[in-house]
Amino acid sequence: MWYNGLLDLPVWQLVLVALGLTHVTIVSVTLYLHRHSAHNSLDLNPVLKHFFRFWLWLTTSINTKEWTAIHRKHHAMCETENDPHSPVVRGLKKVVLEGAELYAEAATPETLERYGQRTPEDWVERNLYSRHRTLGIALMAVINLALFGVHGIWIWALQMMWIPVWAAGVINGIGHYFGYRNFECSDNARNIVPLAIFIGGEELHNNHHTYPNSSKLSRRWFEVDIGWGYIRLFQLFGLAKPKGYRPIAHSVPGKLDVDVETVQAIANNRFDIMRQYRKRVMEPVLRQQKHLMEDEIKPRYRQFRKLLSREVTLIKPRDQEQLETLLEKNAVLRQIYEKSHELQALWRRRGVKPQEKLHALMDWCRDAEASGIRYLEDFAAHLKSYALRPM
Ligand SMILES: [Zn+2]
Ligand SMILES: [Zn+2]
């Protein structure tokens, strides 16, 4: 007879225990490593923080400084040669299958020095967690064997593969390849699914790359970020304090004038503004034009709908050509396309004085109102209502 451990649990309970253990690891990664350490979007109570650190040492052998540095570099260099794990540059297969190896490769002294600031360097880090990095997972194996007997072996194996598969492979690979985009951030990040429960909220990767300093990763009513649920729960007990999740800009009903504050508000809220431009201007105008020029638009309607609002650096040359052909043939679509780029120039151009930006926005609104395109006129009125404070 096999030795079944001190707890002697039936198999179905062992499965639940294994899923529970790996879930704690996922929560530790998303709350402690990602939202707290890498992005500083969350304050954690020191005891809870240390629990997460200890748990990661015990179940993953991840080093906080290394993980944080590599992740910050990923955001800073996203989808370039220097991005430690971009599937766009390195190929999806490599990132999904060798995600953990890419981390090991990327942990160079220069990267740690440049991106690893504000990570633990205390006694326990130097003498235990960093010095004896694999001791934790060895200890976990012994604990598993003692508690669950032979079943401890597969539970341990599951624990060891959990982060390499889900975080390094799925998030870093799939999250930059497949899924939907709420916002046109400058990299290829995507939301894998709106129900972000399995990987602790990290599935909402397009939202995260758009608002990296927000501790809340869900943005739309149907998106569920379970990590945010834990943050709220810990906050209830005074163990966590989220930062950066509240909107900076507000649409104030009845506000009719453009001022410097409007410029700041829409620049702060730029990704959401462009999303609204897509919904309120591009999509209805494209629908209108579809009836007028069936032959050109109809066969590629869905594709054009995406391309019109896609971040320009992400459009492939062949798609770019098709888009240009369409815009040459249709003056109304060209006009709304050009207006979207003029609006983006407002926050993309560096070193421009606030007053100059204000005049550019006033000109933009005036032209939009005189365009004869109803959706564009309405959008100009909507832009004017923005302020940094709610009513
Ligand atoms: Zn990413
Ligand atoms: Zn991040």
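It should be emphasised that the depicted structure is a prediction, and the values quoted were computed from it without experimental measurement.

(A) Structural view of the layout of surface pockets. Here the largest pocket defines a volume of roughly 1200 Å³. Considering the residues around the largest pocket, the lining is formed by 49 residues, among which Thr210, Tyr211, Asn268, Arg270 and Phe271 are closest to the centre. Mapped onto the lining of the largest pocket, the elements with two or more residues apiece are helix 3 (64-76), helix 11 (205-210), helix 13 (260-268), helix 14 (270-292), helix 16 (301-309) and helix 18 (331-348). No other element matches the 8 residues that helix 14 contributes to the lining of the largest pocket. Residue composition of the lining of the largest pocket, grouped by class: 20 nonpolar, 15 polar and 14 charged. Here the lining of the largest pocket spans two domains, since at least three of its residues come from each of domain 1 (11-242) and domain 2 (251-387).

(B) Structural detail: the coordination of the zinc ion (ligand 1). Looking at the zinc ion (ligand 1), one finds its protein donor set to be His74 (NE2), His176 (NE2), His205 (NE2) and His209 (NE2), positioned 2.1 Å from the metal centre. In this structure, the zinc ion (ligand 1) is surrounded by 4 donor atoms whose angles at the metal cover 94 to 159°, and the resulting shape is irregular. Each donor residue of the zinc ion (ligand 1) lies on one chain, and together they are spaced H-x101-H-x28-H-x3-H. Of this pair, His74 sits in helix 3 while His209 sits in helix 11; the two residues are 135 residues apart in sequence, bridging distant segments of the chain. Across the pair, His209 and His74 agree in class, each one buried.

(C) The packing of aromatic side chains, seen in detail. One pass over the full model with this rule turns up 16 aromatic pairs. Positioned above the aromatic ring of Tyr211 is the side chain of Arg219, whose terminal nitrogen or guanidinium carbon lies 4.0 Å from the ring centre. Seen from the ring of Tyr301, Lys290 lies directly overhead, with NZ or CZ sitting 4.2 Å from the centre.

(D) Just the side chain of Thr59, in detail. Summarising the element assignment, Thr59 is placed in helix 2 (residues 46-59). One polar contact links the side chain of Thr59 to the main-chain carbonyl oxygen of Trp55, over a distance of 2.7 Å. In contact with Thr59, other than residues within four places in its own chain, are Thr25, Ile137, Met140, Gln159 and Met160.

(E) Structural detail: a positive patch on the surface. There is a patch of like positive charges on the surface, built from Arg287, Arg302, Arg305 and Lys306. Tallying contributions element by element places helix 16 first for the positive patch, with 3 residues. Mapped onto the elements of the fold, Arg302 is located in helix 16.

(F) Structural detail: the coordination of the zinc ion (ligand 2). Bound to the zinc ion (ligand 2) are the protein donor atoms His34 (NE2), His39 (NE2), His71 (NE2), His75 (NE2) and His208 (NE2), situated 2.0 to 2.2 Å from the metal. Linear spacing of the donor residues for the zinc ion (ligand 2) on their chain is H-x4-H-x31-H-x3-H-x132-H. Of the two residues, His34 sits in helix 1 (residues 11-38) while His75 sits in helix 3, which places them 41 residues apart along the sequence.

(G) The arrangement of the nonpolar core in detail. One finds Tyr277, Leu333, Ile336, Leu343, Leu361 and Trp364 to be the most contacted residues of the largest nonpolar core, which totals 39 residues. At 7 residues, helix 14 tops the list of elements feeding residues into this core. Counting residues in hydrophobic clusters, the runner-up holds 28 residues, among them Trp162, Ile163, Ile199 and Ala240.

(H) Structural detail: the domain arrangement of the chain. Entries for the chain in the domain assignment read domain 1 (11-242) and domain 2 (251-387). Computed over C-alpha atoms only, the centres of domain 1 and domain 2 are separated by 36 Å. Facing 12 residues of domain 1, the contacting portion of domain 2 comprises 10 residues. Carbon and sulfur atoms make up 48% of the area that domain 1 and domain 2 hide from each other, which totals about 980 Å². Taken together, the connections running from domain 1 to domain 2 amount to 1 salt bridge. With a closest N to O distance of 3.3 Å, Arg310 and Glu184 form a salt bridge. Inspection of the region where domain 1 meets domain 2 yields 3 residue pairs in polar contact (both at pLDDT 80 or more). Class assignment for the residues of the side of domain 1 that touches domain 2 results in 3 nonpolar, 4 polar and 5 charged.

(I) How the structure looks around helix 16. Looking only at helix 16, the buried set comprises Tyr301, Phe304, Leu307, Leu308 and Ser309. In this structure, the buried residues of helix 16 make contact with helix 14, helix 15 (294-297), helix 17 (317-329) and helix 18.

(J) Here's a closer look at the packing of helix 13 against helix 19 (residues 354-369). It is the contact of helix 13 with helix 19, at a shortest axis distance of 9 Å, that shows an interaxial angle of 85°. By the angle between their directions, the pair helix 13 and helix 19 is classed as roughly perpendicular. The residues of helix 19 that touch helix 13, namely those facing Val260, Thr262, Val263 and Ile266, are Pro354, Gln355, Lys357, Leu358 and Leu361. Per-class residue counts for the contact of helix 13 with helix 19 are 6 nonpolar, 2 polar and 1 charged.

(K) Geometry of unusual backbone geometry. Positive phi, close to 55°, is recorded for Asn40, a residue that is not glycine. Phi is positive for Glu79, close to 60°, though the residue is something other than glycine. Note on placement: Glu79 falls in the loop between helix 3 and helix 4 (87-90). Judged by its relative accessible area of 15%, Glu79 is buried.

Basis of the calculations
- Just so you know, the residues in each chain are numbered from 1, in the order the chain's sequence is written.
- Working convention: letters from A go to chains and numbers from 1 go to ligands, in the order in which they are written.
- Where local features are concerned, this predicted model is filtered to residues with pLDDT of at least 70; where side-chain atom pairs are given and counted, the filter is 80 or more; whole-chain, interface and lining totals use all residues.
- Water and hydrogen atoms were dropped before computing side-chain values, which therefore reflect all heavy atoms in the structure.
- For each structure, a 1 Å grid was placed over the protein atoms alone; sets of points admitting a 1.4 Å probe that cannot get out are labelled cavities, open sets with protein on both sides within 12 Å along at least five of seven lines are labelled pockets, and lining residues have an atom within 4 Å of a point.
- Grid points are joined across faces, edges and corners, and a volume is the space filled by probe spheres set on the points.
- Each helix is a run of H or I in the DSSP string that is no shorter than four residues. Each strand is a run of E no shorter than two, and both are numbered from the N terminus.
- Here the nonpolar group is Ala, Val, Leu, Ile, Met, Phe, Trp, Tyr, Cys and Pro; Asp, Glu, Lys and Arg are the charged ones; every other residue, Gly included, is treated as polar.
- What counts as a domain boundary in this text is fixed by an automatic or database domain assignment.
- In this analysis a donor is any N, O or S atom within 2.8 Å of a metal ion (3.2 Å for sodium, potassium and calcium), and since water is not included, sites may seem incomplete.
- Sites are called tetrahedral only when four donors show all angles between 85 and 135 degrees, square planar or octahedral only when four or six donors show opposite pairs over 155 degrees and all other angles between 65 and 115, and irregular in any remaining case.
- The cut-offs for exposure are 20% and 50% of the maximum accessible area for each residue type, with area from a 1.4 Å probe on protein chains only; residues under the lower value are buried, those over the upper are exposed, and the others partly exposed.
- Planes of paired rings set the category: under 30 degrees apart is stacked, over 60 is edge-to-face and the rest tilted, where pairs are Phe, Tyr or Trp rings (Trp by its six-membered ring) whose centres lie within 6.5 Å.
- By the criterion adopted, a ring carries a charge over it if an Arg CZ or a Lys NZ lies within 6 Å of its centre and within 35 degrees of its normal.
- As used in this structure description, the phrase polar contact means that two N or O atoms lie within 3.5 Å; if the pair is within protein, one of them must be able to donate a hydrogen and the other to accept it, and residues adjacent in sequence are counted only when both atoms belong to side chains.
- Contacts are assigned to residue pairs that have any heavy atoms within 4.5 Å of one another.
- To count toward a patch, a residue needs a relative accessible area over 30% and no salt bridge; like charges are then connected within 9 Å, while nonpolar side chains (Val, Leu, Ile, Met, Phe, Trp, Tyr) are connected within 5 Å.
- All accessible-area figures derive from a Shrake-Rupley calculation using a 1.4 Å probe, and residue coverage is judged against the displayed protein chains alone.
- Salt bridges, as used here, are contacts in which a Lys or Arg side-chain nitrogen is within 4 Å of a carboxyl oxygen on Asp or Glu.
- Counted as positive: Lys and Arg. Counted as negative: Asp and Glu. His and the chain ends are not counted at all.
- All charge positions are set by atom: Lys at NZ, Arg at CZ, Asp at CG, Glu at CD.
- As used here, the term nonpolar core means buried Ala, Val, Leu, Ile, Met, Phe, Trp, Tyr and Cys residues forming a set that is joined through side-chain atoms within 4.5 Å.
- Computed with a 1.4 Å rolling probe, the buried area is the accessible surface lost when two parts are put together, summed over both parts.
- Lines fitted to C-alpha atoms define the axes here, with helix axes fitted over just the stretch in contact, and angles between the N-to-C directions of these axes take values from 0 to 180 degrees.
- Comment on the angle field: the value is read as roughly parallel under 35 degrees, roughly antiparallel over 145, roughly perpendicular from 65 to 115, and oblique elsewhere.

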